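Chain by chain, the residues run as shown.
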Amino acid sequence: MTEIRLHNTKTRTKEVFVPLDPQNLRMYLCGPTVYDRAHLGNARPVVVFDVLFRLLRLVYGAAHVKYVRNFTDVDDKINATARARKEAGAEGTLEELIRARTEETIAWYHADMDALGALRPTLEPRATDFIGAMIAMIAGLIESGHAYAKDGHVLFRVRSYTNYGALSGRSVDDMIAGARVEVAPFKEDPMDFVLWKPSDADLPGWDSPWGRGRPGWHIECSAMSYELLGASFDIHAGGIDLQFPHHENEIAQSCCAHPEGQFARYWLHNEMLQVEGKKMSKSLGNFFTVRDLLDKGIPGEVIRFVFLQTHYTKPMDWTQRKADDAKRALLRWRSLTEGVIATYPGPEVLAALSDDLNTAGALNFLQHQGQALGQLAKERAHLAADHPEKLKLNEQLAEFVASAQLMGLLEPAMGAWAAAPQADLSAHAARLSDLRAAAMETKDFAPVDAMKAALLAAGVEVRMSKAGVELLPGAGFDAAKLPPL
RNA sequence: GGCGGGUUGGCGGAGAGGUUACGCAGCGGAUUGCAAAUCCGUGAAGACCGGUUCGAUUCCGGUACCCGCCUCCA
């Protein structure tokens, strides 16, 4: 069996991945807070860990991998949007408006992530469907002395968990010395964090032993991962910005609530995304959503290719240049492998991905391989379909496609953008060919050049050789602009 | 202030203590009426300063710069 190695943030080393139960592999990814369209940065963990999901399915069998990615649909930004809509005269109760907002956002999220070729996780739980589990977990933490209720709030007692800070490499004392913690009258210790907070009439709330209220930020992931994956599971992933405080708090809650388990055994964190060398931010004007890029005509497959060219543990820079390069590479690959049915990924790509998801290395290999296969394809183009050399080539191409598909690339369903527009240009080709033949005699190529220019303007690629004239409609093809015959 | 990540040729980016990475772009050539496509060839690197070593881009230390987290954040 393929040995997978992963960089475990918890131990800060690359470790051989050994699942608790190879028949029931479990992975949790912190999903989005569904208050608005996903921005480009939100998409990085989705794409990166989608590759991990695909790799695990290949190695352990698709039926044996359970991948959970949550939707956090309790949040003040969602509340704010709902309230703004109500004030603007929208129909329905605040709860209904909140629900509508999260439903709408989830639908967008699915559409956008589907466009990037990300497989849907096995389960996509919503926080609001697990309020009962959160309340039960919080009650247990109070009972065991790890949490306390005060003024309608429930807080986690950070000092009660000695390993607090182990994941992110900080100590409670250092952080307090940093003095950037919220001091609140209901806190025993400034580092304590909220498990439950009270809701007034203008906010969504659920009845609890501590009054009507709503959960704090971190508890939903602890409750859902426990309910769906158990007290111990294999992989927990997310952006590096979540390492503290979100994941640190998850660990504290989960390990104190379920001391019988070890919570997540391998922690994977992806580094952040930048745009043209700078942090993506609204103030710099370089902030955009996945949808913005798709609407601009950048195919999801191209976005995915760009993401995978950078190792997930390194900061990734999104640039137009990279998108252009990726597009070219994918067009070449798609034309090379047209009609080829995938078989099984090649050993080089499998080895690269198994080595802590070295997608950049895998793509690099494919770039090289694609070039070599392109040459072979040309050399063997004249051979009969059942010629041994031809069969060998077809096998290699099938392996190439399977390797790409292991990273979610060259999937047939994602290729619509690269397909050449359907058009019968044979009459134009014949006409151009005639003009050219005549020009060869007269040495006056002006009519040929004029027609060629018109074809180019219509988005048609013109190839002329001794063999004849070839017209290929390209991405910007517009039949209405074709020159008259 | 505390913690963490990064810095390889025009761009992306890999492996390896000593041998051309590779791809893209560029340049030169072939081919072409001209192009396109294709093919052949080719220059170019390891932020900076020290140390270890026969030898470092690769190991160690320091400096600079960039980025992130410490507050909502993927």
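Chain A has the name Cysteine--tRNA ligase in an unreviewed UniProt entry, where Paenirhodobacter hankyongi is given as its organism. Looking at the Catalytic activity (unreviewed entry) heading of the UniProt record, one finds this comment for chain A: "tRNA(Cys) + L-cysteine + ATP = L-cysteinyl-tRNA(Cys) + AMP + diphosphate". Quoted verbatim from the Sequence similarities (unreviewed entry) field of UniProt, the annotation for chain A is "Belongs to the class-I aminoacyl-tRNA synthetase family."

With respect to the helices and strands, the residue Ser 208 is situated in the loop between β7 (193-198) and β8 (213-215). The class of Ser 208 is buried, set by a relative accessible area of 16%. Separated by 3.3 Å, the side chains of Ser 208 and Trp 196 make a polar contact. Not counting the four nearest positions on each side in its chain, Ser 208 is found in contact with Ile 135 and Trp 196.

As a structural note, the neighbourhood of RNA strand B is formed by 49 residues, with Trp 217, Leu 242, Lys 279, Lys 378 and Met 464 the closest of them. Atoms of RNA strand B within 4 Å of the protein belong to the sugar or the phosphate in 60% of instances, the rest to bases. A distance of 2.9 Å separates a sugar or linking oxygen of RNA strand B from a polar side-chain atom of Lys 77. In this structure, a base nitrogen belonging to RNA strand B sits 3.4 Å away from a main-chain N or O atom of Val 462. Of all the secondary structure elements, the ones that give two or more residues to the surface near RNA strand B are α1 (40-60), β9 (232-239), α10 (320-336), α12 (359-379), α14 (426-442), α15 (446-457) and β14 (460-465). Here the surface near RNA strand B gets 7 residues from one element, more than from any other, and that element is α12.

It is worth spelling out the UniProt feature "short sequence motif: 'HIGH' region" (unreviewed entry) in chain A at this point. Within the UniProt annotation, "short sequence motif: 'HIGH' region" (unreviewed entry) is assigned to residues 32-42. Between the first and last C-alpha atoms of residues 32-42 the distance is 7 Å; the span itself is 27% helix and 0% strand.

Further remarks concern the state of the cysteines. One pass over the structure, following the stated rule, counts 0 disulfides. There is no disulfide at Cys 221, and the cysteine sulfur nearest it, in Cys 30, is 3.9 Å away.

On to unusual backbone geometry, then. The residue after Phe 244, namely Pro 245, is reached through a cis peptide bond having omega 0 degrees. Following the sequence through the fold, Pro 245 ends up in helix α7 (residues 243-257). In this model, Lys 443 sits at a positive phi of 65 degrees, which is unusual for a non-glycine residue. Looking at the element boundaries, Lys 443 is found in the loop between α14 and α15. Relative accessible area serves as the criterion here: at 62%, Lys 443 is assigned to the exposed category.

Quick notes on the rules
Residues numbered from 1 in each chain as written. Chains lettered and ligands numbered in written order. Predicted model: local features only at pLDDT ≥ 70, side-chain atom pairs only at ≥ 80, totals over all residues. Heavy atoms only, no water. UniProt positions renumbered as here; feature names shortened; annotations may be inferred. Helix = DSSP H or I, 4+ residues; strand = E, 2+ residues; numbered from the N terminus. Buried < 20%, exposed > 50% of the residue type's maximum accessible area, 1.4 Å probe, protein only. Polar contact = N/O pair within 3.5 Å; in protein donor to acceptor, adjacent residues only side chain to side chain. Contact = heavy atoms within 4.5 Å. Near = heavy atom within 4 Å. Disulfide = S-S within 2.5 Å.

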